[in-house]
Amino acid sequence: MEVIFLLIGILGLVMFFFGMKTLIKKYRSRTIAELNFTENPSEIYIKKTGTYAVCIIGGGYANNKGDFDLHITNNGNKLDVLEKQMKFKFRHKGKLATEFYHFEIKNMGKYKFEFKNIADLEAKESMLLSKRMFQNTLSVNNVGIVIKETSSNTKFIIGLLMAVFGFNIAGLGIILAFNPQLYM
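It should be emphasised that the depicted structure is a prediction, and the values quoted were computed from it without experimental measurement.

What is the right way to look at the overall build of the protein chain in this model?
The number of helices and strands found in the protein chain is three helices and 12 strands. What you see for the protein chain is a C-alpha radius of gyration of 22 Å, clearly larger than the 16 Å of a compact globule of 184 residues, by over 25%. By its C-alpha atoms, the protein chain is 70 × 45 × 25 Å across when sized along the principal axes. Counting only residues that meet the buried cut, the protein chain has 39% of its 184 residues in that class.

See below:
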């Protein structure tokens, strides 16, 4: 019986390892470029294929209250740009940033980023609704843009669940392997 519990503990450790690996990869994603709204449109050379995010710097809350839009083109071909449902927060050079849009790059090359209706972007310092109600919208001059590598929401959630359940399963398996009388 102890061998089975020990194998369950080892399986939990493997789950925990792969879940944490996914979370660390998300946390340490590379910044490709920093932009601001005054240089519109901007061109960036992207060297790797994958999923990328357009992040709003300076606010813990970012919302599209109208027709704020981003057009990304490569040699005249327009890319599909989607607003993220789960807007992850992170720190960039000491300022709070929010992942706002995401897009998929299939070909390396020079990409043109053009923001439309910038005045319809609502960015505020706090994420909390109770504080946000009393804050003014940040001006466009105080808001920056970062393009960075990202992963899908599904990968993040699976990694998080694997880390949490793996840790619990490993702990339970190892405890029961050395104290099997707890199971009886």
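After that view of the structure, there is still more to cover.
So what exactly am I meant to see when it comes to a nonpolar patch on the surface here?
A cluster of nonpolar side chains, contributed by Val 3, Leu 6, Leu 7, Ile 10, Leu 13, Val 14, Phe 17, Phe 18, Ile 174 and Phe 178, occupies part of the molecular surface with about 970 Å² of accessible area. Secondary structure elements with two or more residues in the nonpolar patch: α1 (2-27) and α3 (153-178).

Sorry if this is basic, but what is going on with the environment of Gly 19 here?
Mapping Gly 19 onto the fold places it in helix α1. When the C-alpha atoms of Gly 19 and Asn 153 are compared, they prove to be 14 Å apart, with 134 residues separating the residues in sequence. Residues in contact with Gly 19, not counting those within four places in the same chain, are Gly 159, Met 162 and Ala 163.

Would you explain the pairing of strand β3 (residues 50-57) in this entry?
The side chains of a regular strand alternate, first on one face of the sheet and then on the other. Among the eight residues in β3, six count as buried, and that is most of the element. In the sheet, β3 pairs with strand β9 (residues 95-105) via eight bridges, with the strands oriented antiparallel. Across the sheet, Ala 53 pairs through a bridge with His 102, a residue of β9.

Explanation requested: the pairing of strand β11 (residues 121-124) in the structure shown.
Here β11 shows two buried faces, one formed by Leu 121 and Ala 123 and the other by Glu 122 and Lys 124. Of the strand pairs in this sheet, strand β4 (residues 61-64) and β11 are connected by four bridges, and their pairing is antiparallel. Note that in β11 the partner of Ala 62 across the bridge is Ala 123.

Any chance you could explain the packing of aromatic side chains here in plain terms?
The description of two aromatic rings rests on the distance between their centres and on the angle between their planes. Evaluation of the coordinates by the stated rule reveals nine aromatic pairs. Among the aromatic residues, those joined into a ring-pair cluster are Phe 68, Phe 100, Tyr 101 and Phe 115. A cation over an aromatic ring shows up here: Lys 148 above the ring of Phe 90, its NZ or CZ 4.4 Å from the ring centre.

Sorry if this is basic, but what is going on with the sheet that holds strand β5 (residues 69-74) here?
Across a sheet, paired strands are connected by hydrogen bonds in the backbone, their directions being either parallel or antiparallel. On the basis of which strands lie adjacent, the open sheet formed by four strands has the order β2-β10-β5-β6 and antiparallel pairing. The sheet is open, and its two edges are formed by β2 (42-46) and β6 (77-78), each paired on a single side. In terms of strand pairing, β5 meets β6 through two bridges, oriented antiparallel. Its bridge partner being in β6, Thr 73 is matched across the sheet by Lys 78.

Even after reading the chapter, I still don't get the packing of α1 against α3, so can you show me in this structure?
Helix-helix packing: each pair is described by the crossing angle between the helix axes and the interaxial distance. At a minimum axis distance of 6 Å, the contact between α1 and α3 shows a crossing angle of 155°. The orientation of α1 with respect to α3, classified from their angle, is roughly antiparallel. Of the two possible hands of crossing, α1 and α3 adopt the one that is left-handed. Of the residues belonging to the contact of α1 with α3, the class tally is 20 nonpolar, seven polar and three charged.

Explain the side chain of Glu 149 here, please?
Inspection of the secondary structure puts Glu 149 in strand β12 (residues 144-149). Taking relative accessible area as the criterion, Glu 149 reaches 16% and is therefore assigned buried. A distance of 3.3 Å separates a polar atom in the side chain of Glu 149 from a polar atom in the side chain of Lys 48. In this view, Glu 149 contacts Ser 29, Arg 30, Ile 32, Lys 48, Thr 51 and Tyr 52; residues no more than four positions away in its chain are not counted.

Rules used in this analysis
Residues numbered from 1 in each chain as written. Predicted model: local features only at pLDDT ≥ 70, side-chain atom pairs only at ≥ 80, totals over all residues. Heavy atoms only, no water. Helix = DSSP H or I, 4+ residues; strand = E, 2+ residues; numbered from the N terminus. Rg over C-alpha atoms; globule rule 2.2 N^0.38 Å. Buried < 20%, exposed > 50% of the residue type's maximum accessible area, 1.4 Å probe, protein only. Patch = residues over 30% accessible without salt bridge, like charges linked within 9 Å, V, L, I, M, F, W, Y side chains within 5 Å. Areas by Shrake-Rupley, 256 points an atom, 1.4 Å probe, with all protein chains shown as cover. Salt bridge = Lys/Arg side-chain N within 4 Å of Asp/Glu carboxyl O. Contact = heavy atoms within 4.5 Å. Pairing = 2+ DSSP bridges. Phe/Tyr/Trp six-rings, centres within 6.5 Å; stacked < 30°, edge-to-face > 60°. Lys NZ or Arg CZ within 6 Å of the ring centre and 35° of its normal. Axes fitted to C-alpha atoms, helices over the stretch in contact; angles between N-to-C directions. Parallel < 35°, antiparallel > 145°, perpendicular 65-115°, else oblique. Left-handed = near helix turned anticlockwise from the far one by under 90°. Nonpolar A, V, L, I, M, F, W, Y, C, P; charged D, E, K, R; others polar. Polar contact = N/O pair within 3.5 Å; in protein donor to acceptor, adjacent residues only side chain to side chain.

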